[in-house]
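Analysis of the macromolecular model
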Amino acid sequence: QVQLVESGGGLVQAGGSLRLSCAASGGTFNSGAMAWFRQAPGKERALVAAISRSGSSTSYADSVKGRFTISRDNAKNTVYLQMDSLKPEDTAVYYCASRYGMYVSSAAGNYNYWGQGTQVTVSS
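From a predicted model like this one, the values you see are computed outputs, not experimental measurements.

Following the sequence through the fold, glycine 9 ends up in the loop between β1 (3-7) and β2 (10-13). Residue glycine 9 is classed as partly exposed on the basis of its relative accessible area of 32%. For glycine 9, the contacting residues outside a window of four places in its chain are Leu20, Thr118, Gln119 and Val120.

Below, the structure written as structure tokens:
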């Protein structure tokens with residue numbers, strides 16, 4: 001059973017930066033792809049970024065391309081989301097997710113484990 005714990009969320013002004021971390025335990029971290037999703041009030045959970053098992057392949061939502069960067073350190077069992085040039089519309093709860101498959105997927109249903117989420121609030 002994989003456990004995922006997110007950290008790094010908080011309150012930041014528009015234009016600022018945050019770095020989210022997701023630490024995995026209880027399983028084989030480097031066995032599958034990882035992703036960050038987010039969910040704003042009244043909206044569905046949506047993919048922000050995903051990274052393949054090896055880290056060689058990534059995928060981003062159009063709204064964050066050029067501003068966010070996903071990375072992983074398999075030696076530390078950790079995946080990161082560097083968020084720059086933050087906008088108020090980035091405000092949401094951000095969730096870390098992992099899946100058994102090695103390739104990225106944009107569908108939340110394809111992910112097997114989820115963290116509890118961390119709040120990111122961007123003020124204007």
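Here we take up the state of the cysteines. A complete count under the given rule lists one disulfide for this structure. Disulfide pairing places cysteine 22 opposite cysteine 96 at an S-S distance of 2.1 Å. The sign of the S-S torsion, about -80°, decides the handedness of the disulfide formed by cysteine 22 and cysteine 96: left-handed. Placement of cysteine 22 in strand β3 (residues 18-25) and of cysteine 96 in strand β9 (residues 92-98) is noted, with a sequence separation of 74 residues between them. An identical accessibility class is assigned to cysteine 22 and cysteine 96; each is buried.

The strand order across the open sheet formed by four strands is β1-β3-β8-β7, and the pairing between neighbours is antiparallel. Sheet topology places β1 and β7 (68-73) at the edges, where each strand pairs with a single neighbour. In this sheet, neighbouring strand axes are inclined to one another by 15° on average, regardless of whether the strands run parallel or antiparallel. Both β3 and strand β8 (residues 78-83) contribute to a ladder of six bridges, which runs antiparallel. Bridging across to β8, leucine 18 finds its partner in methionine 83.

Reading the values: rules and limits
- Residues numbered from 1 in each chain as written.
- Predicted model: local features only at pLDDT ≥ 70, side-chain atom pairs only at ≥ 80, totals over all residues.
- Heavy atoms only, no water.
- Helix = DSSP H or I, 4+ residues; strand = E, 2+ residues; numbered from the N terminus.
- Buried < 20%, exposed > 50% of the residue type's maximum accessible area, 1.4 Å probe, protein only.
- Contact = heavy atoms within 4.5 Å.
- Disulfide = S-S within 2.5 Å.
- Pairing = 2+ DSSP bridges.
- Axes fitted to C-alpha atoms, helices over the stretch in contact; angles between N-to-C directions.

Coordinates in, geometry out; function isn't part of it.
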